[in-house]
Amino acid sequence: MAGKIKKKGQAGQARNYMTRTQAVKKLQLSLPDFRKLCIWKGIYPREPRSRKKVSKSATPSTTFYYTKDIQYLLHEPLLQKFREQKVLEKKISRALGRGDVSDAARLERNAARPDKTGRPRYTLNHVVRERYPTFTDALRDLDDCLSMLFLFANLPSTTAVPAKMIARCERLCLEFQHYLIVSHSLRKSFLSIKGIYYQANIQGEDILWLVPYKFNQRIVGDIDFRIMGTFVEFYMTVLGFVNYRLYTSIGLKYPPRFDQLKDDQGAELGAFSLEVVNPEAKGETKAITNGEAEQGPDPNVQAEVNKVVQQLRLESNEAAAAEDSLAQREVQGEEAPSDALDKFEPVAPGGDVLPQPSYSNTDPSQLFSNFTFYLSRETPRQPLEFILRAFGCKRIGWDSVLGEGAYTHDESDPSITHQIVDRPVIRAAMSEGGDGEDNQTTQKLGPNQRYPGRIYVQPQWVWDSINDEELKSPELYAPGASLPPHLSPFVKPTNGQYDPTRPLEEQQTEGEALDAELEDANGEDQDGEESEVENDMDVASEDEDEGEDEFGGFSGAEEDEAEEEEEEEEEEEEEEDGSEDVEESAARQRQRELEAEISGKPVPRKADAKAQAKLQAKKALLRKQRQEAEELERAKGMLSKKKRKLFEQMQYSNNKRSAEDMKLRAKRRKLEKELAKKA
């Protein structure tokens with residue numbers, strides 16, 4: 001009995017895939033609505049293995065989807081909402097076609113009021129629950145969400161980007177920043193050309209996002225804001241869910257209380273008032289301060305401090321008694337117990353270095369808790385305020401032109417310990433009646449001048465301090481000082497690659513060190529003459545190139561003879577260097593003078609003993625490298641063709657990386673020489 005004959009195009013890949021046009025017809029949607037639905041549901045185009053088997057009329061621009069994905073969309077509740085919207089638009093267009101303007105206006109008004117049989121309002125809550133079954137899944141997908149929302153929060157309002165969307169994005173971002181401040185979840189930050197990168201650790205998940213600088217953004221026409229707006233609409237729902245879960249996890253009420261008047265005055269973070277939910281009081285809330293104002297000490301906190309002070313006194317008495325007993329043991333000749341911590345050292349060179357234990361109990365999240373900062377007008381207030389508050393600072397002041405929400409607007413406040421400035425230093429102006437001798441009495445302090453007893457630093461000091469989890473030296477970041485390099489904390493140095501934090505002498509190869517020393521030695525002879533070191537190097541390279549074939553290696557039977565000749569030449573050079581007397585050196589100098597007189601060039605000077613030693617070391621290094629290259633070629637000849645090609649590819653990538661590192665080291669060496677000359 002013969003099997004049933006399969007018809008072409010009804011089985012296999014032709015049935016598993018569907019074009020975008022077929023999908024739109026099957027769902028009975030417009031193309032914009034279909035795009036929205038696919039973005040929200042996480043359905044993406046697929047590329048079949050063979051386009052001919054899927055469809056004969058397929059072109060390179062044809063978009064395919066899985067048939068099962070389109071069938072999955074048939075049961076989506078949003079389809080009915082889109083269809084109702086389509087019906088409403090048809091009613092409005094039909095009324096306008098009839099000339100019934102009043103009826104069209106009535107439908108428009110009803111569409112603007114969803115509570116009165118108008119335009120249906122849809123939500124994406126069920127979509128978020130479908131795509132993120134657990135809260136950890138939502139945290140893992142939060143990177144793109146935060147980057148997109150922070151981007152739209154800084155855009156100007158246009159027809160494609162409405163003002164309500166921008167305000168909603170900004171409010172969600174500020175709520176998320178408040179959670180990071182309260183929970184001290186922020187870990188690192190980096191200033192880049194694109195913007196400011198932040199990294200936070202939330203419930204064990206590392207989240208990295210990008211925040212653009214507060215510049216005036218220019219909207220260009222080649223960006224499809226409809227597609228981006230679809231993503232933003234979904235991301236706003238996601239971040240709303242995440243903020244609610246994060247706030248309730250630490251006992252805060254969500255959403256926080258928002259003061260529109262303060263927000264209009266530029267308070268931003270200061271426009272929110274966080275409230276703690278007290279479960280014992282049946283849902284009652286208690287407001288907590290955001291650090292704008294400081295009150296007197298809390299009696300409970302003061303009592304705890306007194307307990308700690310009393311405990312410290314007891315510990316000091318016990319330590320004194322332990323010292324007395326230790327001294328008695330030493331007198332009696334007993335070995336005293338050591339409290340030194342063991343250090344973790346790598347077994348082999350280049351191994352992993354474990355973090356070393358320490359007695360320090362400082363909490364990085366409270367790095368700036370004991371300081372009072374004042375931000376000058378030229379500094380970026382928003383990122384500095386966020387970072388300082390996230391790392392424990394409660395008192396931050398700035399000029400009144402930067403907005404509300406500051407601890408103080410008075411720059412001369414004596415409680416200020418650190419002031420962040422980003423402008424050149426101007427000398428203090430002297431009063432008209434003073435003689436200019438006593439700076440304590442005749443100094444007239446202005447808005448761009450220093451106050452005694454205050455530390456002035458540049459903004460980079462804040463970023464470098466939080467990345468290293470320790471307070472950096474303020475002298476390196478003083479106003480007008482040349483700042484140290486600001487390196488990305490997200491890139492870990494790899495063993496063998498260039499590391500800008502290590503000294504150059506520890507990273508450069510032996511050949512680079514010798515070349516640098518020879519270059520320094522030859523730098524003294526820059527008056528048009530060629531030093532003897534360079535001439536001898538050329539002669540040595542020519543001698544070593546003799547006997548080689550066009551591929552850089554020795555041919556067959558000449559290999560052993562070349563090695564013997566090299567050994568004989570080395571012995572002869574050592575004997576000549578040891579037996580050279582004064583008369584022979586004088587004759588050579590006379591010969592150089594005659595050659596220089598004939599050619600019209602200055603008389604070359606003989607290199608000193610140090611240059612000769614460096615030259616000999618360079619020759620030995622070149623000879624060693626040549627021998628290693630020959631041994632490597634012999635070893636490659638023993639490999640199979642497949643393994644040899646793989647080895648050559650690995651060698652090519654390593655050489656390319658080494659060349660890049662060499663360029664960086666050469667650039668740094670040149671810069672260090674220029675700085676040494678200026679010093």
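Values in this document were obtained by computation on a predicted structure and should not be read as measured data. (Residues numbered from 1 in each chain as written. Predicted model: local features only at pLDDT ≥ 70, side-chain atom pairs only at ≥ 80, totals over all residues. Heavy atoms only, no water.)

A.B. asks: Talk me through helix H11 (residues 163–183); I want residue IDs and the actual numbers.
C.D. replies: The end-to-end C-alpha separation of H11 is 31 Å, in line with the 30 Å expected for 21 residues at 1.5 Å each. Just past H11, the residue His-184 takes up positive phi, approximately 55°. (Helix = DSSP H or I, 4+ residues; strand = E, 2+ residues; numbered from the N terminus. Expected span 1.5 Å × (residues − 1).)

A.B. asks: Outline the side chain of Ser-369, supporting the account with residue identities and numerical values.
C.D. replies: By the element assignment, Ser-369 lies in the loop between helix H14 (299–332) and strand E10 (372–375). Those residues within four positions of Ser-369 in sequence are excluded, and the remaining contacts are Phe-391, Gly-392, Cys-393 and Arg-395. (Contact = heavy atoms within 4.5 Å.)

A.B. asks: I'd love a proper account of the pairing of strand E4 (residues 196–202), names of residues and values included.
C.D. replies: Counting buried positions along E4 gives 5 out of 7 residues, so the element sits mostly inside the fold. Where strand E3 (residues 186–191) lies against E4, 5 bridges are found, and the strand directions are antiparallel. Residue Leu-191 lies in a different strand from E4, and its bridge partner there is Ile-196. Between the end of E3 and the start of E4, which pair antiparallel, lie 4 residues. Strand direction decides the pairing type here: E4 and strand E5 (residues 205–211), joined by 7 bridges, are antiparallel. Its bridge partner lying in E5, Ala-200 is registered against Ile-207. Turn length for the E4-E5 hairpin, with the two strands adjacent in sequence and antiparallel, is 2 residues, and the turn residue Gln-203 shows positive phi of about 50°. (Buried < 20%, exposed > 50% of the residue type's maximum accessible area, 1.4 Å probe, protein only. Pairing = 2+ DSSP bridges.)

A.B. asks: Give me the lowdown on a positive patch on the surface, citing residues and values where you can.
C.D. replies: A contiguous patch of positive charge on the surface is contributed by Lys-86, Lys-90, Lys-91 and Arg-94. Within the element layout of this structure, Arg-94 appears in helix H6 (residues 78–98). Taking the relative accessible area as the measure of exposure, Arg-94 reaches 48% and is therefore partly exposed. (Patch = residues over 30% accessible without salt bridge, like charges linked within 9 Å, V, L, I, M, F, W, Y side chains within 5 Å. Areas by Shrake-Rupley, 256 points an atom, 1.4 Å probe, with all protein chains shown as cover. Salt bridge = Lys/Arg side-chain N within 4 Å of Asp/Glu carboxyl O. Lys, Arg positive; Asp, Glu negative; His and termini not counted. Charge placed at Lys NZ, Arg CZ, Asp CG, Glu CD.)

A.B. asks: An account of the side chain of Gln-199 is needed here, citing residue identities and associated values.
C.D. replies: Positionally, Gln-199 belongs in strand E4. Classification of Gln-199 as buried rests on a relative accessible area of 17%. Those residues within four positions of Gln-199 in sequence are excluded, and the remaining contacts are Ser-185, Leu-186, Arg-187, Lys-188, Asp-206, Ile-207, Leu-208, Trp-209 and Phe-490.

A.B. asks: Would you mind going over the state of the cysteines in detail, with residue names and values included?
C.D. replies: For the structure shown, the criterion picks out 0 disulfides. For the unlinked cysteine Cys-145, the closest cysteine sulfur is that of Cys-173, found at 8.1 Å. Given a relative accessible area of 0%, Cys-145 falls into the buried group. (Disulfide = S-S within 2.5 Å.)

A.B. asks: Account for the packing of helix H10 (residues 142–153) against H11, naming residues and giving values.
C.D. replies: Relative orientation and spacing of two packed helices are given, respectively, by the angle between their axes and the distance between those axes. For the pair H10 and H11, the least separation of the axes is 8 Å and the interaxial angle reads 125°. With respect to H11, the axis of H10 lies oblique. Between H10 and H11 lies a crossing of left-handed hand. Between H10 and H11, the residues in contact are Leu-142, Leu-146, Leu-149, Phe-150, Phe-152 and Ala-153 and Met-165, Ile-166, Cys-169, Glu-170, Cys-173, Phe-176 and Gln-177, respectively. Here the contact of H10 with H11 is composed, by residue class, of 11 nonpolar, 1 polar and 1 charged. (Axes fitted to C-alpha atoms, helices over the stretch in contact; angles between N-to-C directions. Parallel < 35°, antiparallel > 145°, perpendicular 65-115°, else oblique. Left-handed = near helix turned anticlockwise from the far one by under 90°. Nonpolar A, V, L, I, M, F, W, Y, C, P; charged D, E, K, R; others polar.)

A.B. asks: Which residues make up unusual backbone geometry, and what values go with them?
C.D. replies: A cis amide bond, omega 0°, links Tyr-254 with the succeeding residue Pro-255. At Gln-28, a position not held by glycine, the phi torsion is positive, near 60°. The topology assignment puts Gln-28 in the loop between helix H2 (20–27) and helix H3 (31–41). Given the relative accessible area of 55%, Gln-28 is considered exposed.

A.B. asks: Outline the nonpolar core, listing residues and values.
C.D. replies: Core analysis: the largest hydrophobic core is formed by 92 residues, its most contacted members being Phe-152, Trp-209 and Phe-368. Examining the composition of this core, we find that 11 residues originate from one element, helix H12 (residues 225–249), more than from any other. When we break this core down by domain, the ones giving at least three residues each are domain 1 (13–117) and domain 2 (124–273). Every residue in contact with Trp-209, bar those within four places of it in the chain, is listed here: Asp-143, Leu-146, Ser-147, Phe-150, Phe-176, Leu-180, Leu-186, Ile-196, Tyr-197, Tyr-198, Gln-199 and Ala-200. Ranked by size, the runner-up nonpolar core spans 6 residues in total, among them Leu-88, Ala-104, Leu-107 and Ala-111. (Core = buried A, V, L, I, M, F, W, Y, C linked by side-chain atoms within 4.5 Å. Domains from an automatic or database assignment.)

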